[in-house]
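# Results of the structural survey
Chain by chain, the residues:
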Amino acid sequence: FTGHPIQGWTPDFIPLVLEKGLDQNLHDEMVDIPDGAAVSMSQSLARNEGILTGISGGATVWAAVETAKKAPEGSVLVAMLPDTGERYLST
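Bear in mind the structure is a predicted one, so any value in this text is a computation, not a measurement. (Residues numbered from 1 in each chain as written. Predicted model: local features only at pLDDT ≥ 70, side-chain atom pairs only at ≥ 80, totals over all residues. Heavy atoms only, no water.)

## Overview of the overall build of the protein
Along the backbone of the protein there are three helices and zero strands. Helices and strands in the protein line up, N terminus first, as α-α-α. When contacts within the protein are restricted to residue pairs at least 6 apart in sequence, those whose partners lie at least 24 apart make up 47%. As displayed, the protein offers around 7000 Å² of accessible surface, 54% of which is attributable to carbon and sulfur atoms. (Helix = DSSP H or I, 4+ residues; strand = E, 2+ residues; numbered from the N terminus. Contact = heavy atoms within 4.5 Å. Areas by Shrake-Rupley, 256 points an atom, 1.4 Å probe, with all protein chains shown as cover.)

## Thoughts on the nonpolar core
Counting five residues, the largest nonpolar core consists of Ala-37, Met-41, Leu-45, Val-61 and Trp-62. Counting residues per element, this core draws most heavily on helix α2 (residues 37-49), which supplies three residues. When residues no more than four places from it in sequence are discounted, the contact partners of Trp-62 are Val-31, Asp-32, Ile-33, Pro-34, Ala-37 and Met-41. (Core = buried A, V, L, I, M, F, W, Y, C linked by side-chain atoms within 4.5 Å. Buried < 20%, exposed > 50% of the residue type's maximum accessible area, 1.4 Å probe, protein only.)

## Section: the pattern of salt bridges
Scanning the model with the defined rule gives two salt bridges in all. Note that Lys-70 and Glu-29 form a salt bridge whose closest N and O atoms lie 2.9 Å from each other. With Lys-70 in helix α3 (residues 55-70) and Glu-29 in the loop between α1 (16-23) and α2, this pair connects stretches of sequence that are 41 residues apart. Residue class for Lys-70 comes out exposed when judged on its relative accessible area of 57%. Relative accessible area serves as the criterion here: at 43%, Glu-29 is assigned to the partly exposed category. (Salt bridge = Lys/Arg side-chain N within 4 Å of Asp/Glu carboxyl O.)

## Topic: a nonpolar patch on the surface
Together, Val-76, Val-78 and Met-80 give the surface a local cluster of nonpolar side chains, amounting to about 390 Å² of exposed area. Among the secondary structure elements, Val-78 is positioned in the segment after α3. (Patch = residues over 30% accessible without salt bridge, like charges linked within 9 Å, V, L, I, M, F, W, Y side chains within 5 Å.)

## With respect to α2
Over its 13 residues, α2 extends 17 Å from the first C-alpha to the last, a length consistent with the 18 Å expected when each residue adds 1.5 Å. Among all positions of α2, only Ala-37, Ala-38, Met-41, Ser-42 and Leu-45 are buried. Viewed end-on, α2 has its buried residues packed into an arc of 130 degrees, placing them on one side of the element. Within two residues after α2, Gly-50 carries a phi angle of roughly 70 degrees, on the positive side. (Expected span 1.5 Å × (residues − 1). Arc of directions from axis to C-beta.)

## Re α3
Between its first and last C-alpha atoms α3 spans 23 Å; for 16 residues at 1.5 Å apiece the expected length is 22 Å, and the two agree. Along α3, the residues that are buried comprise Ile-55, Gly-57, Gly-58, Ala-59, Val-61, Trp-62 and Ala-63.

Okay, here's the thing in structure tokens:
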């Protein structure tokens, strides 16, 4: 893992659920988020969909969209954004 610009997380933050999941090989793929993509997606979600989420939510949706592009037809994907919009109203 390398440093990241997601606000509220320290650059070396690895959630326990991710750490254990990696140890148990429970993932299919790790998706690297390019610089600026998470911010751009979170702004796009607010502007175009009325979804208020932060940078981590933008990163989640960006990864889901990129994954959907490669997924077989008929696949079902879920992207969760556990967030509230109140802190983003000023931006």
